[in-house]
Amino acid sequence: TAPLPAPADLPAPVINPNATIVLGKRYLRKGPDGRPLEDETGLFWRVALAIASQEANYGEERDVTATARQFYDLMTSYKFLPNSPTLMNAGTPLGQLAACFVLPVGDSMEEIFDAVKFAALIHKSGGGTGFSFSRLRAKHSRVGSTGGVASGPVSFMRIFNTATEQVKQGGTRRGANMGILRVDHPDIKEFITCKEHEHALDNFNISVGLTEAFMQAVDANRDYDLIDPRDGIATARQSAREIFELLVRKAWESGDPGIVFLDRINRDNPTPALGEIESTNPCGEQPLLPYEACNLGSINLALIFSPAAPDGVDWEELARIIRLSVRFLDNVIDASQYPLPIITEMVRKNRKIGLGVMGFADLLYRVRVPYDSPEALVLAERLMSFIQAEAQKASAALAAERGPFPAFDVSVFPAKGQGPLRNATTTTIAPTGTLSIIAGCSSGVEPLFALSFARHVMDGEKLVETNPYFRAALDAAGLSRPDIIAEVARKGSVAHMEEIPEALRRIFVTAMDIEPVWHLRMQAAFQKYTDNAVSKTVNLPNTATKEEIAGIYRMAFELGCKGVTVYRDGCKTAQVLCTGEAG
Ligand code: ADP
């Protein structure tokens, strides 16, 4: 059926210059001649209508056009945006709307190459894939059928990497992978050092899956067992400190690998009866069961600022946005066409959604609270606990209308006395690499990287951005002089600019001005009220030591984070595809 045309009185969205470039290159639908078939109004209406149309599935007596208008207003006000695949593919024949997938990799040729093929299908549709390679037998183990020896997880990862390289995602984005190996896998050393050799695994983020037993062994300076994944039998003993120090050294050198805490992740698994969580999506914020997928969406906190409110936050408006966003994301599950029947089946059992935030650093600028302060942590907890609670209420209300997620009865919720929910998880904090460009806000819960900078976006395009709230503060202080603006653009930060008043220097902090421990505290504050995980990088100065990184890893474990990514300024790195560059 032909889509309903956009109502004639639909207001056209205001598109910022950077968003015009990003949307034009990758998001507007194009015809065979490469010319756009829609403008920005058409894009947002296409998405709004495709998502609103799902309400008919529930026999809901709602006016689809009216709901579509609500969704259109929600997105074009930039108060909420769904993840990129939803913007790109909703209402198109491809129709794959989720950003995050996890695929199992079994220990046989069939299963390994099935996973390669499934990943290719997902990448073609704009999704990112995570894999645990922990089930693969170690390098040099016997291969029964041939009498030869196995080549081990790392060599198979190169095949996934090459396949990813070749699949240009339907003209949209190149594919991103997460590779995880348990710390007790016999090939763990090779895995930790596998990105040393330039470019061999460029399409992978890698993380080591740490266990509590391992962390205790590090503390006690004990050996731990390496385990053959085929039979669970220990094959060797290994010094925990040696592995921990290797991990820290590699992260110090290149930022890779990151770490994830598997036991912590599985304590929050809402449906252990359906399986164990072994991996996350590429940027680490979404742990999933094998064959699960999840769609994400982010609320722009910069726009819930209200100068009239005592704490600067319009809570009523935030609650309204949350309710509408949860409804939107639940509809996305039904609107999405998944690349495999088994993924459709898994997704529909748990109906996970990941509502999160972006523009947090902007909000802090607006309420005049420094990112690295106890007040900022308090605000983070208040915001995220509110979002978590309201999102769960909205999911419960949807369960009353549409029924709970099918695996609800076997989930952890009934035993906790929790009434029916429509979604097994509701909250996730994504990096919002592209969404934040479209919305013109700071990304995720990260501090600003710089107050003014040139962003390289796709195919060498350069976008210069100055933070609008900083600009307004300079104007108000009568300091918008060309020499000052040029200096901020050069330095990125005002931390050491004497001509800027101390009070402003304190508020307008950037990632590199912030002590690493505050990055981690902020991650932990958001994690406390997030069902899934939090995308966050702990930025370190170039002078940071390995001991500091070791300290951050231990602290992340103690604070209940689900993983950590560190990045030391100026170290060599091949960051995968989760920034504006991926588009
Ligand atoms: P966006 O802002 O484009 O919606 P995010 O930066 O928030 O995306 O990333 C969210 C998730 O989307 C990532 O964790 C990953 O699963 C997926 N993703 C991001 N970039 C890519 C990419 N280039 N290719 C495939 N998947 C990606």
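Conventions used here
Residues numbered from 1 in each chain as written. Predicted model: local features only at pLDDT ≥ 70, side-chain atom pairs only at ≥ 80, totals over all residues. Heavy atoms only, no water. Helix = DSSP H or I, 4+ residues; strand = E, 2+ residues; numbered from the N terminus. Rg over C-alpha atoms; globule rule 2.2 N^0.38 Å. Buried < 20%, exposed > 50% of the residue type's maximum accessible area, 1.4 Å probe, protein only. Contact = heavy atoms within 4.5 Å. Lys, Arg positive; Asp, Glu negative; His and termini not counted. Charge placed at Lys NZ, Arg CZ, Asp CG, Glu CD. Near = heavy atom within 4 Å. Polar contact = N/O pair within 3.5 Å; in protein donor to acceptor, adjacent residues only side chain to side chain. Areas by Shrake-Rupley, 256 points an atom, 1.4 Å probe, with all protein chains shown as cover. Nonpolar A, V, L, I, M, F, W, Y, C, P; charged D, E, K, R; others polar. pLDDT = per-residue confidence, 0-100. Axes fitted to C-alpha atoms, helices over the stretch in contact; angles between N-to-C directions. Parallel < 35°, antiparallel > 145°, perpendicular 65-115°, else oblique. Left-handed = near helix turned anticlockwise from the far one by under 90°. Phe/Tyr/Trp six-rings, centres within 6.5 Å; stacked < 30°, edge-to-face > 60°. Lys NZ or Arg CZ within 6 Å of the ring centre and 35° of its normal. Expected span 1.5 Å × (residues − 1). Patch = residues over 30% accessible without salt bridge, like charges linked within 9 Å, V, L, I, M, F, W, Y side chains within 5 Å. Salt bridge = Lys/Arg side-chain N within 4 Å of Asp/Glu carboxyl O. Pairing = 2+ DSSP bridges. Right-handed = clockwise from strand over helix to strand, strands pointing away.

Trainee: Looking at this structure, I do not really get the overall build of the protein chain. What am I missing?
Mentor: Each helix and strand in the protein chain was counted, giving 20 helices and 16 strands. Computed over the C-alpha atoms, the radius of gyration of the protein chain is 23 Å, within 12% of the 25 Å expected from 2.2 N^0.38 for a compact globule of 583 residues. For the protein chain, the spread of C-alpha atoms along the principal axes amounts to about 70 × 65 × 55 Å. Taken across its 583 residues, the protein chain has 58% of its residues classed as buried. Across the protein chain, contacts joining residues at least 24 apart in sequence account for 73% of those joining residues at least 6 apart. Within the protein chain, one finds 60 positive and 69 negative side-chain charges whose respective centroids are separated by 2 Å.

Trainee: Whenever I open this one, the site of the ligand confuses me. Can you help?
Mentor: The environment of the ligand is formed by 24 residues, the closest being Ser84, Asn281, Glu285, Thr432 and Gly433. At a separation of 2.8 Å, an oxygen atom of the ligand approaches a polar side-chain atom of Asn281. Within the contact set of the ligand, an oxygen atom lies 3.3 Å away from a backbone nitrogen or oxygen of Cys283. Burial of the ligand by the protein amounts to 99% of the accessible area it has alone, namely 560 Å². Of the residues assigned to the shell around the ligand, the class counts are 11 nonpolar, 11 polar and two charged.

Trainee: Honestly, the confidence of the model for the protein chain in this entry has me stumped. Any pointers?
Mentor: Atomic detail in the predicted coordinates should be set aside for any region of low pLDDT. For the protein chain, per-residue confidence averages 93 on the pLDDT scale, and 94% of positions sit at 70 or higher. Note on residues 574-583: pLDDT is under 50 here. Beyond four places in sequence and across chains, it has 32 contacts.

Trainee: For this particular structure, what's the right way to read the side chain of Ser411?
Mentor: Structurally, Ser411 is set in the loop between α14 (374-402) and α15 (435-439). At 3.2 Å, the side chain of Ser411 and the backbone nitrogen of Phe413 are in polar contact. In this structure, Ser411 is in contact with Pro270, Thr271 and Phe405, ignoring residues within four places of it in sequence.

Trainee: Would you take a moment to explain the side chain of Arg137 for this structure?
Mentor: Following the sequence through the fold, Arg137 ends up in the loop between β3 (128-132) and α6 (152-166). Owing to a relative accessible area of 17%, Arg137 belongs among the buried residues under this scheme. A distance of 2.9 Å separates a polar side-chain atom of Arg137 from the backbone oxygen of Arg142. When neighbours within four sequence positions are excluded, Arg137 is seen to be in contact with Asp107, Arg142, Val143, Gly144, Ala150, Gly152, Pro153, His185, Pro229 and Arg230.

Trainee: When you look at unusual backbone geometry in this model, what are you seeing that I'm missing?
Mentor: The phi angle of most residues is negative, glycine excepted, and most peptide bonds adopt the trans form. Across the junction of Asp256 and Pro257, the peptide omega takes the value -5 degrees, indicating a cis bond. Phi at His140 takes a positive value of approximately 70 degrees, unusual for a residue other than glycine. Counting through the fold element by element, His140 comes out in the loop between β3 and α6. With phi around 50 degrees, Asn221 is a residue other than glycine that occupies positive phi space. Looking at the element boundaries, Asn221 is found in the loop between α8 (212-219) and β6 (223-227). Looking at Asn221, the relative accessible area reads 45%, which means it is partly exposed.

Trainee: For this particular structure, what's the right way to read the packing of helix α13 (residues 360-367) against α14?
Mentor: Two packed helices can be described by the angle between their axes and the distance between those axes. Between α13 and α14, the least distance of the axes is 12 Å, while the angle of their chain directions is 120 degrees. Accordingly, the angle class assigned to the pair α13 and α14 is oblique. When you trace α13 past α14, the crossing you get is right-handed. Residues Phe360, Leu363, Leu364 and Val367 of α13 form the contact with α14, whose own contacting residues are Ala376, Leu379, Ala380 and Leu383. Considered class by class, the residues forming the contact of α13 with α14 number eight nonpolar, no polar and no charged.

Trainee: So what exactly am I meant to see when it comes to the packing of aromatic side chains here?
Mentor: What characterises a pair of aromatic rings is the spacing of the ring centres plus the angle enclosed by the ring planes. Following the criterion strictly, the structure yields 21 aromatic pairs and no others. With a centroid separation of 4.9 Å and an interplanar angle of 85 degrees, the aromatic rings of Phe360 and Phe526 are classed as edge-to-face. Taken together, the positions of Phe360 in helix α13 and Phe526 in helix α19 (residues 516-527) put the pair 166 residues apart, joining distant regions of the chain. Residues Phe360 and Phe526 agree in their burial class; the two are buried. Seen in terms of ring centroids, Phe405 and Phe413 are 6.2 Å apart; in terms of plane orientation they differ by 80 degrees. Their pairing is edge-to-face. Per residue, the accessibility class of Phe405 equals that of Phe413, and both read buried. The ring of Trp252 has Lys546 sitting right over it, with the charged end atom 4.5 Å from the ring centre. A cation sits over an aromatic face here: Arg568 above Trp252, 3.8 Å from the ring centre.

Trainee: Just to check I follow, could you spell out helix α5 (residues 109-124) for this structure?
Mentor: Note that an α-helix has 3.6 residues per turn; residues three or four places apart therefore point the same way. Here α5 is 16 residues long and its end C-alpha atoms lie 23 Å apart, about the 22 Å a rise of 1.5 Å per residue gives. Ile112, Ala115, Val116, Phe118, Ala119, Ile122 and His123 are the residues of α5 that are buried. Residues of α5 that are buried in the fold lie against β2 (100-103), β3, α6, β4 (177-182) and α12 (341-350). Downstream of α5 by one or two residues, Gly126 has phi in the positive range, about 95 degrees.

Trainee: Explanation requested: the packing of helix α9 (residues 240-254) against helix α20 (residues 546-558) in the structure shown.
Mentor: It is at 9 Å that the axes of α9 and α20 come closest, and there the two elements cross at 110 degrees. Regarding the angle of α9 to α20, the classification is roughly perpendicular. Considering how the two elements wind past one another, α9 and α20 form a crossing that is right-handed. When α9 is examined against α20, the residues Arg241, Phe244, Val248, Arg249, Ala251 and Trp252 are found in contact with a partner set consisting of Lys546, Ile549, Ala550, Tyr553 and Arg554. The residue makeup of the contact of α9 with α20, split by class, is seven nonpolar, no polar and four charged.

Trainee: Explain a negative patch on the surface here, please?
Mentor: A cluster of acidic side chains, namely Glu245, Glu515, Glu547 and Glu548, defines a negative patch on the protein surface. Here Glu547 lies in helix α20. Take Glu547: its relative accessible area is 61%, and that puts it in the exposed class.

Trainee: Can you help me understand a nonpolar patch on the surface in this one?
Mentor: On the surface, Met109, Phe113 and Ile159 cluster together into a nonpolar patch covering about 260 Å² of accessible area. Its location among the elements puts Met109 in helix α5.

Trainee: Any chance you could explain the pairing of β3 here in plain terms?
Mentor: Two faces make up the sheet, and in a regular strand the side chains alternate between them. With five of its five residues buried, β3 lies for the most part within the structure. Burial along β3 is two-sided: the residues Gly128, Gly130 and Ser132 and Thr129 and Phe131 are all buried. Here β2 pairs with β3 via four bridges, running parallel. Each bridged residue has a counterpart across the sheet, and for Cys100 the counterpart in β3 is Gly128. Where the polypeptide runs from β2 across α5 and back to β3, its parallel neighbour, the crossover connection is right-handed.

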